[in-house]
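Each chain, letter by letter, is given below.
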Amino acid sequence: MSAWRGQPTGARPRGRLTNGQLFGLMFLAVFPTMVMLLPADLIRLGGRYGWWTPLLAGVPAVFAAWLAGAAGGRAGDSVSAATRGLGPVAGRVLLLVEWLALGAYVIVVIREAGEISAVTLVTANIPVWILTVMSMAPAALLVWFGPVVLGRTAVLIWPVVFFMYAVVLAAILPSSHVIWALPLIPRNARFAAWQPLLRTWVWEAEPAFLGAAFMDHVRPSARKAAGRTLLLAVAASATLTALGTWSMVAVAGPRGVAAGSLPVLDLVNRITAGDAVQHLQSVVLPVEMMGLVLKVGVFLWVWSRLGQRIVGRATDAVLAVEAVVGLTVATAVFPNALAIDRATYAWLARGALPVLVGGPTVAYAAALRRRAGGSA
């Protein structure tokens, strides 16, 4: 029973997550891939004002994150709430549907990490599956150590990610062509079209359904502020992505950003300061990869938590099987970056996202209703 309640045995650290650790986990679950993969799509789909899309999409996403945190603070984590509110049979059916939907997210996230490694960190012709394994292995190890270790690691990494991103934006501004990114007020509504909004929600909705799964592993005092914590993770990711996309437009122009696959990499490569600061990507990209490893770890932990609840046993065998399955499917299904981009819309935005937002909502509604009925 203690394994369900976040009190692992043996050498695994005991304890519960603080507000700062929960924020770090949720920020790293969103920001590393959002800022790397989304800007080009935003400008292709939303035009030169596509940098406004994360801010517009962030309004309902922030509200959803706050609701998930508030409900989790009252009813516990969404995984347990499903079986408490709907009963053992119906609850497990709902969790199975969520497990399948989250599995789609997991294999895309795993493959994204491998693809970003292949594009940014190496120049040799190294098979992508090897790079994917190299990012997956430390993530799985962190998951095995438990949510407290994940949280402690996130607290170390997220300030470094934030600082490096701020340095990049500040360093590129003097050499940018600001006129390319003006006017600030949009002159058309392409940025508010359904497709760019839906793609943005693929990322901005993540703290809502991921954070809800961590609630039983959060300190009681921190659970009271969980809604605000998840809200801040979404707001920070949306704001930084919007600022970064605007900076990319100012540096490369709308066409330059839309034509790139990872425009943030081009942004970093343009930063030089004499002989002292060149090839800044040698510092930035390893930090980005640390964030990606944490992101894989967060998704894998929640996926294994769902799997353990479905089978009825908190066992490491579930984690091992899911890690192998996720890695195998990710490398077999996606031959290139284009396939990943298509899956982001076809699999995640249209299929997995509604399930992962709606599933915890149903679970919390049922759990809170049953709790109110019992207290009455």
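Because the structure is a prediction, the values reported are computed rather than measured.

1. With respect to the overall build of the chain
Part 1: For the chain, the count of helices and strands is 14 helices and 0 strands.
Part 2: Tracing the chain from N to C terminus, the helices and strands come up as α-α-α-α-α-α-α-α-α-α-α-α-α-α.
Part 3: Here the C-alpha atoms of the chain give a radius of gyration of 20 Å, agreeing with the 21 Å that 2.2 N^0.38 yields for 376 residues.
Part 4: Seen through its C-alpha atoms, the chain measures out along the principal axes to roughly 65 × 45 × 35 Å.
Part 5: A total of 376 residues make up the chain; the buried ones form 55% of that total.
Part 6: Summarising the internal contacts of the chain: among those between residues at least 6 apart in sequence, 85% fall at separations of at least 24.
Part 7: As displayed, the chain offers around 15600 Å² of accessible surface, 67% of which is attributable to carbon and sulfur atoms.
Part 8: Distance from the positive charge centre (29 side chains) to the negative charge centre (14 side chains) of the chain: 11 Å.

2. Digging into helix H13 (residues 316-333)
Part 1: In this model, H13 (18 residues) spans 26 Å end to end at C-alpha, consistent with the 26 Å of a helix rising 1.5 Å per residue.
Part 2: Turning to H13, its buried residues are Val318, Leu319, Glu322, Ala323, Gly326, Leu327 and Ala330. Along the long axis of H13, the arc covered by the buried residues comes to 150 degrees, so they all point the same way. Exposed residues pointing more than 90 degrees away from the buried face of H13 are listed as Val321, Val324 and Ala332.
Part 3: At the N-terminal boundary of H13, the capping side chain belongs to Thr315, with an oxygen 3.2 Å from the backbone nitrogen of Ala317.

3. Here we look at the environment of Val79
Part 1: Tracing the backbone shows Val79 in helix H3 (residues 78-86).
Part 2: Residue classification places Val79 among the buried positions, given a relative accessible area of 2%.
Part 3: Taking the C-alpha atoms as reference points, Val79 and Ser237, separated by 158 residues in sequence, lie 25 Å from one another.
Part 4: Once you skip the residues sitting within four places of it in the chain, Val79 turns out to touch Leu95, Ala213, Arg305, Leu306 and Arg309.

4. With respect to the side chain of Glu206
Part 1: Considering the arrangement of structural elements, one finds Glu206 in helix H8 (residues 206-213).
Part 2: Judged by relative accessible area, Glu206 falls into the buried class, the value being 2%.
Part 3: Here Glu206 is in contact with Ala29, Val30, Tyr105, Gly211, Lys295 and Phe299, once residues within four sequence places are set aside.

5. Some points on the nonpolar core
Part 1: Core analysis: the largest hydrophobic core is formed by 120 residues, its most contacted members being Leu25, Met26, Leu102, Tyr105 and Phe214.
Part 2: Ignoring anything within four residues of it in the chain, the contact list for Met26 reads Pro207, Leu210, Gly211, Phe214, Leu230, Ala233 and Val298.

6. Here we look at the pattern of salt bridges
Part 1: Summed over all chains, the structure comprises 7 salt bridges.
Part 2: We note a salt bridge from Arg199 to Asp341, for which the minimum N-O separation is 3.5 Å. Here Arg199, found in helix H7 (residues 194-204), pairs with Asp341, found in helix H14 (residues 337-375); they are 142 residues apart in sequence, far enough to count as distant.
Part 3: Where Glu206 meets Lys295, a salt bridge forms, and the shortest distance between an N and an O atom there is 3.2 Å. Separated by 89 residues along the polypeptide, Glu206 in helix H8 and Lys295 in helix H12 (residues 281-311) bring together distant segments of the chain.
Part 4: On the basis of relative accessible area, Lys295 is assigned to the buried category, the value being 0%.

7. Comments concerning the side chain of Ser247
Part 1: With respect to the helices, strands and loops of the structure, Ser247 is situated in helix H10 (residues 226-259).
Part 2: Under the relative-accessibility criterion, Ser247 is labelled buried at 7%.
Part 3: Setting aside residues up to four positions removed in sequence, Ser247 forms contacts with Leu169 and Leu267.

8. Notes on the environment of Ala236
Part 1: Tracing the backbone shows Ala236 in helix H10.
Part 2: Sequence separation between Ala236 and Phe31 is 205 residues; the distance between their C-alpha atoms is 8.5 Å.

9. Concerning unusual backbone geometry
Part 1: For the bond from Leu182 to Pro183, the omega torsion is 0 degrees, close enough to zero to count as cis.
Part 2: Counting through the fold element by element, Pro183 comes out in the loop between helix H6 (147-172) and H7.

10. A short note on the packing of helix H1 (residues 19-46) against H6
Part 1: Two numbers describe how H1 lies on H6: the axes approach to 8 Å, and their chain directions differ by 50 degrees. By the criterion of interaxial angle, the relationship of H1 to H6 is oblique. Where H1 crosses over H6, the two elements pack in a sense that is left-handed. Judged by residue contacts, Gly20, Gln21, Phe23, Gly24, Leu25, Phe27, Leu28, Phe31 and Val35 of H1 engage Leu150, Gly151, Arg152, Ala154, Val155, Ile157, Trp158, Val161 and Tyr165 from H6.
Part 2: When the residues that make up the contact of H1 with H6 are grouped by side-chain class, the tally is 13 nonpolar, 4 polar and 1 charged.

11. Comments concerning the packing of aromatic side chains
Part 1: Scanning all chains against the criterion turns up 15 aromatic pairs.
Part 2: Their ring planes at 65 degrees and their centres at 5.9 Å tell us that Phe27 and Trp158 sit as a pair that is edge-to-face. Here the residue Phe27 occupies a position in helix H1, and Trp158 occupies one in helix H6, the gap between them amounting to 131 residues.
Part 3: According to the relative accessible area criterion, Trp158 is partly exposed, its value standing at 23%.
Part 4: Measuring from ring centre to ring centre gives 5.2 Å for Trp51 and Trp52, while their planes differ by 40 degrees; the resulting arrangement is tilted.
Part 5: With a relative accessible area of 26%, Trp52 lands in the partly exposed category.

Conventions we followed
Residues numbered from 1 in each chain as written. Predicted model: local features only at pLDDT ≥ 70, side-chain atom pairs only at ≥ 80, totals over all residues. Heavy atoms only, no water. Helix = DSSP H or I, 4+ residues; strand = E, 2+ residues; numbered from the N terminus. Rg over C-alpha atoms; globule rule 2.2 N^0.38 Å. Buried < 20%, exposed > 50% of the residue type's maximum accessible area, 1.4 Å probe, protein only. Contact = heavy atoms within 4.5 Å. Areas by Shrake-Rupley, 256 points an atom, 1.4 Å probe, with all protein chains shown as cover. Lys, Arg positive; Asp, Glu negative; His and termini not counted. Charge placed at Lys NZ, Arg CZ, Asp CG, Glu CD. Expected span 1.5 Å × (residues − 1). Arc of directions from axis to C-beta. Polar contact = N/O pair within 3.5 Å; in protein donor to acceptor, adjacent residues only side chain to side chain. Core = buried A, V, L, I, M, F, W, Y, C linked by side-chain atoms within 4.5 Å. Salt bridge = Lys/Arg side-chain N within 4 Å of Asp/Glu carboxyl O. Axes fitted to C-alpha atoms, helices over the stretch in contact; angles between N-to-C directions. Parallel < 35°, antiparallel > 145°, perpendicular 65-115°, else oblique. Left-handed = near helix turned anticlockwise from the far one by under 90°. Nonpolar A, V, L, I, M, F, W, Y, C, P; charged D, E, K, R; others polar. Phe/Tyr/Trp six-rings, centres within 6.5 Å; stacked < 30°, edge-to-face > 60°.

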